[in-house]
Amino acid sequence: MHDGYLVGLIGSGIGPSLSPALHEREAAELGLDYRYLRWDLDDLGEPPSAVGELLARARAEGYRGLNITHPCKQLVLDHLDEVDADAAALGAVNTVVFDGTRAIGHNTDHSGFARSLQRGLPEVALDRVLLLGAGGAGAAVAHALLGLGAGEVRIVDLDADRAAELAASLPERAVAGGRLDDELDEADGLVHATPTGMAAHPGLPVPAALLRPEMWVADVVYRPLATELVVAARQRGCRVLDGGGMAVFQAVDAFRLFTGLEPNAERMLRHFAELEGAHV
């Protein structure tokens, strides 16, 4: 497909992903010949460790690039020729661009979250932010918060060692947090970056009663958009940011990396809202 753009998404359980339609709609607006295909490990019967072989296959088939999602964001690192500074700092890649014979890794999750927070919750207090979840999404959020000038990012995870490891890899303004109720009592804001609340993992990551009206709450989960946390936080009177903005803005940055063209972010936000509404 030398006269257009062929890109894809590698991950597990990615059938509900809105990325293909989101990219293809914006490409159509720009008059591009653009196809975005899913490579679902579950459908392919491949383990996450096959990501290197799939990468090689995509390159051989003329793909311009790939988005990478759970559970391959770390595993893909060993199969790349180059990783940009942000992805290297995060230890995770969610976008791979094929440049001639080279596969170059990027991470647009951190920039996507930062832009979403600035747009959706402008001028919120960042003196003390509680980050729930120390996985790939949590690492991206932590970098974004520190880049936005957060005074202290306190990281809590069910695996305390994982929280400590992430904090140790970041500037000293990031620390492993303590008891959840104590942390929520002191936090200006909460960012939730675990799978809890996704369609396959329903539930609340924190007791609703611990959400104080004066704090802000941001969720990175976007399927569904109105997670139980988002609904509970709104009911408690918190300023709330759902995961839609991060999903869109990481796609905006990935689209730019794939094509070298500047997509219309506001238009992509409108596309997302239409697609999300159609899939409820």
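This one's a predicted model, so the numbers in the text were calculated from it and none came from an experiment.

Asks: I'd like a description of the UniProt feature "domain: Quinate/shikimate 5-dehydrogenase/glutamyl-tRNA reductase" (unreviewed entry) in the protein, backed by residues and values.
Replies: The positions that UniProt labels "domain: Quinate/shikimate 5-dehydrogenase/glutamyl-tRNA reductase" (unreviewed entry) are, in the present scheme, residues 121-194. Between the first and last C-alpha atoms of residues 121-194 the distance is 20 Å; the span itself is 39% helix and 23% strand.

Asks: Lay out the packing of aromatic side chains in plain terms, naming residues and giving numbers.
Replies: The way to describe two aromatic rings as a pair is by their centre distance and the angle between their planes. As enumerated under the stated definition, the model contains four aromatic pairs in all. Here the aromatic rings of W39 and Y63 are separated by 5.3 Å at their centres, their planes lie at 90°, and the arrangement is edge-to-face. Of this pair, W39 sits in strand β2 (residues 34-40) while Y63 sits in the loop between α3 (51-60) and β3 (65-68), and the two are 24 residues apart along the sequence. The same class applies to W39 and to Y63, which are both buried. Between Y222 and F272, the aromatic rings sit 5.7 Å apart at their centres with planes inclined by 55°, giving tilted as the arrangement.

Asks: Before we move on, could you go through the UniProt feature "domain: SDH C-terminal" (unreviewed entry) in the protein and cite the residues and values that matter?
Replies: UniProt feature "domain: SDH C-terminal" (unreviewed entry): in the numbering of this structure it lies at residues 245-270. Between the C-alpha atoms that bound residues 245-270 there is a distance of 11 Å. The span itself is 81% helix and 0% strand.

Asks: An account of the nonpolar core is requested, with residue identities and associated values reported.
Replies: Membership of the largest hydrophobic core comes to 32 residues, with the highest contact counts inside it found for F113, L145, I155, V191 and W216. When residues of this core are traced back to their parent elements, those giving at least two are α5 (109-120), β7 (128-132), α6 (136-147), β8 (152-156), α7 (160-169) and β11 (216-219). Counting 19 residues, the second-largest nonpolar core is a separate cluster that includes L6, L41, A58 and C72.

Asks: Which residues make up helix α9 (residues 228-235), and what are the values?
Replies: Within α9 the residues assigned to the buried category are L229, V230, A232 and A233. Seen end-on, α9 carries its buried residues on one side only, within an arc spanning 165°. Contacts from the buried residues of α9 go to β10 (189-192), β11 and β12 (239-241). Just downstream of α9, G237 is the residue with a positive phi angle, here 90°.

Asks: Explain unusual backbone geometry residue by residue, including any values.
Replies: Between H70 and P71 the backbone carries a cis peptide bond, its omega angle lying at 5°. Along the chain, P71 falls in the loop between β3 and β4 (82-83). The residue after R223, namely P224, is reached through a cis peptide bond having omega 10°. When you line up the elements, P224 lands in the loop between β11 and α9.

Asks: Break down the pattern of salt bridges for me, with residues and values.
Replies: Using the criterion set out here, one finds 19 salt bridges in the structure. Between R57 and E61 there is a salt bridge, and its shortest N-O distance comes to 3.2 Å. You can call R57 partly exposed: its relative accessible area is 40%. For E61, a relative accessible area of 41% corresponds to the partly exposed category. A salt bridge links R256 to E262; the shortest N-O distance between them is 2.8 Å. Residue classification places E262 among the exposed residues on the basis of a relative accessible area of 51%. One continuous salt-bridge network, built from bridges that share partners, spans R128, E152, R154 and E183.

Calculation notes
- Residues numbered from 1 in each chain as written.
- Predicted model: local features only at pLDDT ≥ 70, side-chain atom pairs only at ≥ 80, totals over all residues.
- Heavy atoms only, no water.
- UniProt positions renumbered as here; feature names shortened; annotations may be inferred.
- Helix = DSSP H or I, 4+ residues; strand = E, 2+ residues; numbered from the N terminus.
- Phe/Tyr/Trp six-rings, centres within 6.5 Å; stacked < 30°, edge-to-face > 60°.
- Buried < 20%, exposed > 50% of the residue type's maximum accessible area, 1.4 Å probe, protein only.
- Core = buried A, V, L, I, M, F, W, Y, C linked by side-chain atoms within 4.5 Å.
- Arc of directions from axis to C-beta.
- Contact = heavy atoms within 4.5 Å.
- Salt bridge = Lys/Arg side-chain N within 4 Å of Asp/Glu carboxyl O.

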